[in-house]
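# Structure at a glance
Now for the letters of each chain:
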Amino acid sequence: MGRFQKFTLLLFIVSASLTGLGFCYSIVNGPTNATVLAGSEARFNCTVMKGWVILIWLFKANPVLTVISSQGPIETSGRFTSQNYTNNDEFTSELIIHNTQLNDSGKIECSIQQAGESSFAFLSVQVNGSLFIKNSTLTVKENETLEIVCEALGWAPAPDITWMTNDSLIDKSRYVTQQSQGSNDLHNALSVLTLTPTDTEILTCLADIEALPRPQNATITVFFVNSTLENGYSEDSISTWVIVLAVVFSVVGFILLVIIIVVVVRCCCLKKGKFQLQRKQMAVQKKGKGMVAKMRDTFQRNHSTQNESLELSLLLQCLQSSLSVMQIYKPVLY
């Protein structure tokens, strides 16, 4: 009986010691899986019964943060911080991983250093890349078939591609999507939509991954042109140009007519003035000749000597020469 009592006493002491160290307290709620976008925060909660002593967070099996009930959190890296909450008999530690990267994906574990008392979850970090359609608008004629290409580059994982037209989903049989491995563990996707529009449509390509709150999208507007309407527009355009040309030619013809009339009137006025000038010159010349003849007769009656007759002849010759010179240079003088 002595040995049995000693053994019982030893078990009681060991149990008391373990209880004092917090090993008999269990995890009430462990962390849950999280999927986040690269560059954002990831948060994990671990709830234990009140009276715990030590709680350790492990990231990919490596301890990154320790919380001691008497001291609080011990942080060794700025990327891993925590917040604590107490509710009645429960204590919750929240692990915050800052600026998550694609290679952070892995196992997250909460441990209270008691055999079988740990809980784990998985972190999945995803990357949303770029999404684009080469053209923003296209014009299509009647009975014309189009192939519209939507390209997604630099995603992790490869995105799920869908198409919509005027806010309605397009059947998957109308487009083909191919995925390929890119650089740095990223993925690309190429989706080709084939359609024959019968009306103007707004087409939307959507790329989705779990971490996105809503799908990323790219749009294109396809304008449908009816051939009958197009021919009508052509005829209207021709008619319009004919009217414009007719008006232009009419205006130009009217301006030319006015110019011709002005030129003719001007020429007539100049010709009439020249004719009147010639008549005046002839009248002056005729009057001058009459005056010369009259002077000759008068002088001959009053002066009969030979010298006087000679002087008169010279004077009349001078007058006659003056009249001749005026006749020759009258165009220049006038």
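Rules used in this analysis
- Residues numbered from 1 in each chain as written.
- Predicted model: local features only at pLDDT ≥ 70, side-chain atom pairs only at ≥ 80, totals over all residues.
- Heavy atoms only, no water.
- Helix = DSSP H or I, 4+ residues; strand = E, 2+ residues; numbered from the N terminus.
- Contact = heavy atoms within 4.5 Å.
- Salt bridge = Lys/Arg side-chain N within 4 Å of Asp/Glu carboxyl O.
- Buried < 20%, exposed > 50% of the residue type's maximum accessible area, 1.4 Å probe, protein only.
- Pairing = 2+ DSSP bridges.
- Axes fitted to C-alpha atoms, helices over the stretch in contact; angles between N-to-C directions.
- pLDDT = per-residue confidence, 0-100.
- Disulfide = S-S within 2.5 Å.

The subject of this paragraph is the environment of T66. Along the chain, the position of T66 falls in strand β5 (residues 62-68). Taking the C-alpha atoms as reference points, T66 and C110, separated by 44 residues in sequence, lie 9.9 Å from one another. Those residues in contact with T66, other than ones at most four positions away along the chain, are I54, L55, I56, G72, P73 and I74.

With that settled, the discussion passes to the pattern of salt bridges. Taken as a whole and assessed by the stated rule, the structure comprises three salt bridges. As a salt-bridge pair, E94 and R43 come within 3.2 Å of each other at their nearest N and O atoms. One end of the pair, E94, is in strand β8 (residues 90-97); the other, R43, is in strand β3 (residues 42-49), with 51 residues separating them in the sequence. The buried category is assigned to E94, whose relative accessible area is 8%. Judged by its relative accessible area of 40%, R43 falls in the partly exposed class. R79 is the salt-bridge partner of D104, the closest N and O atoms lying 2.5 Å from each other. With a gap of 25 residues between them, D104 in the loop between β8 and β9 (106-114) and R79 in the loop between β6 (72-75) and β7 (80-87) connect regions that are remote in the sequence. Assessed through its relative accessible area of 5%, D104 is described here as buried.

What follows concerns the sheet that holds strand β1 (residues 27-29). With antiparallel pairing, the four strands of this open sheet are ordered in space as β1-β3-β8-β7. Only two strands of the sheet have a single neighbouring strand rather than two, namely β1 and β7. Taking each pair of neighbouring strands and ignoring which way they run, the sheet shows an average axis angle of 30°. In this structure, β1 lies alongside β3, joined through two bridges in antiparallel fashion. From the neighbouring strand, N29 faces β3, where its bridge partner is T47.

This paragraph deals with the confidence of the model for the protein. Summarising the model, the protein shows a mean pLDDT of 81, and 72% of its residues fall at 70 or more. This stretch, residues 1-23, has a pLDDT under 50; its non-local contacts, to residues over four places away or in other chains, come to 11 contacts. Here residues 328-334 scores under 50 on pLDDT; set against residues more than four positions off or in separate chains, the count is three contacts.

Before going further, it helps to examine the side chain of T165. Within the element layout of this structure, T165 appears in strand β14 (residues 160-165). The buried category is assigned to T165, whose relative accessible area is 16%. In this structure, T165 is in contact with I170, E201, I202 and L203, ignoring residues within four places of it in sequence.

Before going further, it helps to spend a moment on the state of the cysteines. This structure, assessed with the given rule, holds two disulfides. Disulfide partner of C46: C110, at an S-S distance of 1.9 Å. Where C46 bonds to C110 through sulfur, the torsion about that S-S bond is close to -70°, and the disulfide is left-handed. Placement of the pair is C46 in strand β3 and C110 in strand β9, with a sequence separation of 64 residues.

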